[in-house]
Amino acid sequence: MFEEVVAKVLSGTELSKETKSNLKKQTSALAEHFNGFKAHLVIVQVGGRDDSNVYIRQKIKSAAEVGVEASHVQYPKTITQIELLSEINKYNSDSSVHGIIVQMPLDCIENIDSHLITNAVSPEKDVDGLNIINEGRVAIGDLTGLIPCTPNGVIQLIKRSGIEISGTRAVVLGRSKIVGAPVASLLLWHNATVTICHSKTKDIENEVSKADILVVAIGKPEFVHGSWIKPGAVVIDCGINSLPDSSKKSGYRLVGDVHYASTSLRASAITPVPGGVGPMTVAMLLSNTVQAATKVANIMYKTQWNLDILPLKLQRPVPSDIEIARSQEPKNIMVLAKEIGLKESEVILYGNKKAKICISTLNRLKNIKNGKYIVVTGITPTSLGEGKSTTTVGLVQALAAHSKRNTIACLRQPSQGPTFGIKGGAAGGGYSQVIPMEDFNLHLTGDIHAVTAANNLMAAQIDARMFHEATQKDQALYDRLVPTVNGVRKFSPIQLNRLKRLGIDKTDPSMLSAEEITSFSRLNIDPDTISWNRVMDTNDRFLRKITIGQSPTEKNHTRQTCFDISVASEIMAILALAKDASDLKERLSRIVVAQDKNMCNFTSSKDVTADDLGMTGAMTVLLKDAINPTLMQTLEGTPVLVHAGPFANIAHGASSIVADLLASKLVGPDGFVVTEAGFGSDIGMEKFFNIKTRYSGLLPSTIVLVCTVRALRMHGGGAINPNVSVTPVEKEEALIKGVTNLQKHISNSIKYGVPVVVAINAMKADTENEWKIVRDASLQAGAMDAVVSTHWENGGSGAIKLAETVIKASQQPQEFKFLYDLNMPLQLKIETIAKEMYGAQSVEFNENVLKKLNTYESKGYGKLPVCVAKTALSLSGDPNLKGVPINFTLPIVDAYVSAGAGFIVTIAGEISKMPGLSTRPSIYDIDLNTETGEIIGLF
């Protein structure tokens, strides 16, 4: 005869409290270790069933208790299946969401397949554990994923009883997808011998009586009686049913699938109803959410990538760049994207070798600390080039592929003007290249074309607006600017912006006075002050001065203008300096295109802006994809972000802030971002620090200064033409004189308080003694070190020592400082740049330039940084003066404001914004093999 005992009550309420307490500690640790990171659960509800609302409120309350952010998204009953699937996919793609549950049952009018909906939730975010993939994992014994909540709660309660599951006989009543089947699988993989009973099972009482562990989930009130229970068994009751009970205020009482009173006299442990499995379901839901979030955080913040490095097949002699590039098959770009921690939803594929990275990725990575920031600059360049891009690529290959440091190169997109002109490609060279190099050097992902379209749309609007103002009276012009559409007349948002700037506090078009209509409708552009030119991405000298409006339809409204090359457009500079889409739009709105003919009654400003022309939104739309950087790879399969391409002599000459910010987050605090400043330290690096760094907030930890023995000999008066016979003694004499140019650039770099590493880009004709001369001069000038690098010939392995030196330099203490204070007058800023960076004795301003500078200061532009446009071929303004010119005067012949980009441009000497083609441009060498589709002769 069985001796009656009172079973231990397995309180799910108590266990869930303990579980939530532990979860709270986990979420706090996540926030502490990962810079404020927070788990985020989205609860999707269709309709508004009262019982569902109760459950959702409980989940939101519990989530708050454990430090999980819970968002409740409710859709109407009328939502269709395809609409609901689309909404779920949005949350699947949202990197800020770590867990998704769809509240069941769906309270909908349309016929929606609930299984299809639960399977639509990404397995990585399926914190209910109901996706067929997660269920399948449980079925095959993979318990590392997201386990269904109720079954997981059941297992935790069984463990709470103290019974050793392994070796026991377990019986599960019920085979539902949600509870019975997964509970049976979990027990099986905990090494129990499991029997599943269901509606077709014969002699269930006999099966139950054999169970050491009994789990009941059949939805029948008090179906299992105590007499069935094996003495000492553990009983888990998953049912919850209501029975009429007049003694209760509610008129009913809640019971489980097990007769509690009789069973508790035979079982060793039993769960109550309510207060048993129910609370544990919510606790396991939150546990899964924290687990999913932790996995995301660990991936996001992992310290080391696992890159699949592409081996180089080095050949001697070194083949042409295009032969080398074609000999290496790039990795699938999605593979590389995943290797560096990007999600599929953040990658926009352009084929399988290049992709755009969504700028929204920055939101997901915002809590990650930035990596080390390395800027590569150079000495005063020669016509043959010194290999800054090649060195940049070689260095990142050495850091990422050989030193195993998370490293991304950030490069400018090259203009097609130089590509088809005299320079050829710009993807690096030798065994240090970006591939596919044809894509890199040509259209890439269309960003320059987008800039061209936005720029020329503005130019078209300027001339069209002047034409319409000249050919219409005020009221007719106003009626066309603010038309009545479908009986409604209203201002567009951008027109309301103009009214606000004019000081007109009215929103009803019919309420403006005649004077206000005139002020609103007429921009009164002075054609002599238009600074906005049309652009194209081709070298074309015959577009340097043109006349437009010669067709009879333009009624003699002609004017002289010109074309610039696309990368000289202010829009390109804006694209490179914007930190996000909102900043891009704001900067576009501020572009100043001309001056008004006369003072307006409602504002003291005479600037005509893009916003006045109604252009801001349209240009932003044209650039909506261009704001996203392009992901490519080096020959060794390491990541490269290519974005924006402003010229360095006429603009600030650096790749985008967006790319740098994104790269800094992707590499993490122990990684490296290597970017390039155009031309020498006097131009590109100066603008990099005083313009780009001011706006990005990213401070470089090391400057890599690239030089070649060949170029330094030229600066010392030596010949660089290989056909000219020069003795070794003459070569060294010229080199000794020429290293003064290198020393000047080292001096320039040191002024910013950043360690300088000189990279000697080795060439076959160099000698050991020449390298020693360069190294000694570098150390004498204050460089931390000077390293010979053979990356052109050997790829990343040839730059290992350079990489090691850069790593060491980046760990040095720094005291970064700008060259000048923004509060200084514009003239003094220009003089500071000229004297400190170029070595000028004085600066000459003509009367017109001084007048412009005073005007800019009076309009509030005085605190902007300065962008000096000058020749890159000399430290002076004269391209013929090599080495280190002294006692020279820098002439400033013009100035204009790039209000959108955020700097004042001053022109030093003769600077053309539209290059021309030479007698023999690269065009002659470029061709397409129509049978293979291969491009021939591209560098």
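Residues numbered from 1 in each chain as written. Predicted model: local features only at pLDDT ≥ 70, side-chain atom pairs only at ≥ 80, totals over all residues. Heavy atoms only, no water.

Chemist: What exactly am I supposed to notice about the nonpolar core here?
Modeler: Soluble globular proteins tend to bury their nonpolar side chains together. Counting residues in hydrophobic clusters, the biggest one holds 194 residues, and the most contacted among them are Leu187, Val215, Ile236, Met458 and Ile591. Per element, the largest residue contribution to this core is 13 residues, and it comes from helix α10 (residues 277–300). Residues in contact with Val215, not counting those within four places in the same chain, are Val154, Ile158, Val171, Val172, Leu173, Val183, Leu187, Ile236 and Cys238. The next biggest cluster of nonpolar side chains, apart from the first, holds 41 residues, and it includes Ile324, Ala426, Ile435 and Ala803. (Core = buried A, V, L, I, M, F, W, Y, C linked by side-chain atoms within 4.5 Å. Buried < 20%, exposed > 50% of the residue type's maximum accessible area, 1.4 Å probe, protein only. Helix = DSSP H or I, 4+ residues; strand = E, 2+ residues; numbered from the N terminus. Contact = heavy atoms within 4.5 Å.)

Chemist: Help me out: how do you make sense of the pattern of salt bridges in this one?
Modeler: Two side chains carrying opposite charge are able to pair once their charged atoms lie near each other. A full pass over the atoms with the stated rule returns 40 salt bridges. Residue Asp612 is joined to Arg498 by a salt bridge in which the shortest nitrogen-to-oxygen separation is 3.1 Å. Of this pair, Asp612 sits in the loop between β25 (607–609) and α23 (616–622) while Arg498 sits in helix α19 (residues 493–502), placing them 114 residues apart in sequence. The same class applies to Asp612 as to Arg498, namely buried. In the salt-bridge network here, residues are joined through shared partners; they are Arg498, Arg501, Asp611 and Asp612. (Salt bridge = Lys/Arg side-chain N within 4 Å of Asp/Glu carboxyl O.)

Chemist: What exactly am I supposed to notice about the sheet that holds strand β35 (residues 903–908) here?
Modeler: In sheet architecture, strand pairing relies on hydrogen bonds along the backbone and comes in two forms, parallel and antiparallel. The strand order across the open sheet built from four strands is β32-β34-β35-β33, with neighbouring strands paired in mixed fashion. The open sheet terminates on both sides in strands that have one partner only, identified here as β32 (842–845) and β33 (866–869). With direction set aside, neighbouring strand axes in the sheet form an average angle of 40 degrees. Inspection of the sheet shows strand β34 (residues 889–898) paired to β35 by six bridges, in the antiparallel sense. Its bridge partner lying in β35, Val897 is registered against Ile904. In this fold helix α31 (residues 826–838) packs onto β32, β33, β34 and β35, with an angle of close to 140 degrees to the strand it touches most, β32. (Pairing = 2+ DSSP bridges. Axes fitted to C-alpha atoms, helices over the stretch in contact; angles between N-to-C directions.)

Chemist: How should I be thinking about unusual backbone geometry in this particular structure?
Modeler: When glycine is set aside, most residues are seen to have a negative phi, and most peptide bonds are trans. The amide bond that connects Val273 to the next residue, Pro274, takes the cis arrangement and shows omega of 0 degrees. Within the element layout of this structure, Pro274 appears in the loop between β11 (269–270) and α10. Looking along the chain, the bond that leaves Ile435 and enters Pro436 is cis, with omega of -5 degrees. Of note in the backbone geometry, Asp203 takes a positive phi value of approximately 55 degrees without being a glycine. Looking at the element boundaries, Asp203 is found in the loop between β6 (193–197) and α8 (204–208). If you check the backbone angles, Lys404 has positive phi at about 60 degrees while not being a glycine.

Honestly, it's all geometry; don't read function into it.
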